[in-house]
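Breakdown of the fold
Take a look at the letters that make up each chain.
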Amino acid sequence: MQNALRHWRHSACLLALLAMTASAQPLQAATAQRDGQHDFDWEFGTWKTQVRRLTRPLSGSRDWVEYTGTSVVRGVLDDRANLVELRIEGPSGRIHGTSLRLYNPQTRQWNINYASAGNGMLTRPLYGGFQGGRGEFYGAEDLDGRAILVRFVISDITPDSARFEQAYSADGGRTWESNWIAVDTRIRASE
């Protein structure tokens, strides 16, 4: 019974994600008309990153912890993909992870895959793209045994800074709770 309930919740979450995707057709249609293969090229290089992380997402907690460190972004697969290596630490510990972002030329969408050195697990991919200088990516995930939606937004992009925000939804995308906010500043070779 418990497996059936978990499967139902996961299916409901996926249906909500599909509904959100269907409602975003104008974004997808505009994205489909252009090649977004180089949308992440602005990020190649080394960045100082300042991160705030919600300690217990979707629990009602308002306890945030802070980290600082670096992220290094480089192109791979002839720049059809990119790899981000994140190394941050703070009073609550260290986070070391990597994000592989792959571009699909058929769908003209990116998918983002994250792996943590802490647990050795690869998350489910988030899918999306950029429009008007803003990146939006969506996916489904499990959090403490329950199916949730994930939204990852990249905004305030300049040649030397950007903002990254991840949020979770447990109600099919009606409401979102931010749980990861990072502000990156480019490190120049002379610094």
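In this text, all values refer to a predicted model and were calculated from it rather than measured experimentally.

Notes on the overall build of the protein chain
Secondary structure summary: the protein chain contains two helices and ten strands in total. Secondary structure elements of the protein chain, listed N to C terminal, follow the sequence α-α-β-β-β-β-β-β-β-β-β-β. Residues counted as buried form 37% of the 191 residues belonging to the protein chain. Considering only residue pairs separated by 6 or more positions, the protein chain has 43% of its internal contacts joining residues 24 or more positions apart. Only carbon and sulfur atoms are counted for the fraction: they give 54% of the accessible area of the protein chain, which is about 10800 Å².

With respect to the nonpolar core
One finds Phe137 and Ile154 to be the most contacted residues of the largest nonpolar core, which totals 27 residues. When residues of this core are assigned to their parent elements, the largest contribution, four residues, is made by strand β8 (residues 146-158). Setting aside chain neighbours within four positions, we find Phe137 in contact with Phe40, Trp110, Ile112, Leu126, Tyr127, Gly128, Gly129, Phe130, Val150, Arg151, Phe152 and Ile154.

Focus on the environment of Glu85
Mapping Glu85 onto the fold places it in strand β3 (residues 81-90). Apart from the residues within four sequence positions on either side, Glu85 is in contact with Thr70, Ser71, Val72, His96, Gly97 and Thr98. Of note is the side chain of Glu85, whose polar atom sits 2.9 Å from the side chain of His96.

Quick word on the layout of surface pockets
Approximately 1200 Å³ is the volume attributed to the largest pocket. Around the largest pocket, the lining is made up of 45 residues, and of these Tyr114, Thr123, Gln166, Tyr168 and Trp180 lie nearest the centre. Every element with two or more residues in the lining of the largest pocket is listed here: β1 (45-54), β3, β4 (93-104), β5 (109-116), β7 (134-143), β8, β9 (161-169) and β10 (177-186). Considering every element that reaches the lining of the largest pocket, the biggest residue donor is β4, with seven residues. Residue composition of the lining of the largest pocket, grouped by class: 20 nonpolar, 15 polar and ten charged.

Description of the pairing of strand β6 (residues 126-131)
Sheet topology places β5 next to β6; three bridges connect them, and they run antiparallel. Residue pairing in the sheet places Trp110 in a bridge with Gly128 of β6. Relative to β7, β6 runs antiparallel, the two sharing five bridges. Paired with Tyr127 across the strands is Tyr138, a residue of β7. Counting the residues between successive antiparallel strands, the hairpin from β6 to β7 contains two residues, one of them, Gly132, with a positive phi of roughly 60°.

Let's talk about the side chain of Arg101
You can see Arg101 is positioned in strand β4. Residue classification places Arg101 among the buried positions, given a relative accessible area of 4%. A polar contact of 2.5 Å, which involves the side chain of Arg101, links it to the side chain of Glu43. Not counting the four nearest positions on each side in its chain, Arg101 is found in contact with Phe40, Glu43, Val73, Ala81, Asn82, Val84, Trp110, Asn111, Ile112 and Phe164.

With respect to the sheet that holds β1
Reading around the barrel, the ten strands line up as β1-β2-β3-β4-β5-β6-β7-β8-β9-β10 and close back on themselves, with antiparallel pairing between neighbours. Strand after strand, the sheet turns through a mean of 25° between neighbouring axes, direction not considered.

Section: the pairing of β1
Two strands pair when backbone bridges link them, and β1 and strand β2 (residues 64-76) are joined in this way by ten bridges, in the antiparallel orientation. Directly across from Lys48, in β2, lies its bridge partner Thr70. The pairing of β1 with β10 spans seven bridges and is classified as antiparallel. Pairing of Lys48 across the sheet is with Thr185, part of β10.

Procedures and definitions
- Counting restarts for each chain: residues are numbered from 1 in the order of the written sequence.
- The model is predicted, so local features are restricted to residues of pLDDT at least 70 and side-chain atom pairs to those at 80 or more, both for listing and for counting; the totals for chains, interfaces and linings are taken over all residues.
- Working from all heavy atoms in the structure, the side-chain values ignore hydrogens and water.
- Segments assigned H or I by DSSP are reported as helices when at least four residues long, segments assigned E as strands when at least two residues long, and all are numbered from the N terminus.
- Exposure is judged per residue with a 1.4 Å probe applied to protein chains only, and the accessible area is read against the type maximum: over 50% gives exposed, under 20% gives buried, and values in between give partly exposed.
- The contact criterion used throughout is that any non-hydrogen atoms of two residues lie within 4.5 Å.
- The accessible surface values rely on the Shrake-Rupley method and a 1.4 Å probe; as for residues, cover is taken only from the protein chains in view.
- The term nonpolar core refers to a set of buried residues drawn from Ala, Val, Leu, Ile, Met, Phe, Trp, Tyr and Cys, joined through side-chain atoms within 4.5 Å.
- Think of a polar contact as two N or O atoms within 3.5 Å of one another; within protein, one of them needs to be a possible hydrogen donor and the other a possible acceptor, and neighboring residues in sequence only count if both atoms come from side chains.
- Site definitions follow a grid-based scheme: protein atoms alone, a 1 Å grid, a 1.4 Å probe that fits but cannot get out for cavities, and for pockets an open set with protein on both sides within 12 Å along at least five of seven lines, plus lining residues having an atom within 4 Å of a point.
- Grid points are joined across faces, edges and corners, and a volume is the space filled by probe spheres set on the points.
- When residues are sorted by character, Ala, Val, Leu, Ile, Met, Phe, Trp, Tyr, Cys and Pro go into the nonpolar class, Asp, Glu, Lys and Arg into the charged class, and all the rest, Gly among them, into the polar class.
- Pairing between strands is defined by DSSP: at least two bridges between them are needed.
- Only the stretch in contact is used when a helix axis is fitted, and all axes are lines through C-alpha atoms; the angle between N-to-C directions ranges over 0 to 180 degrees.

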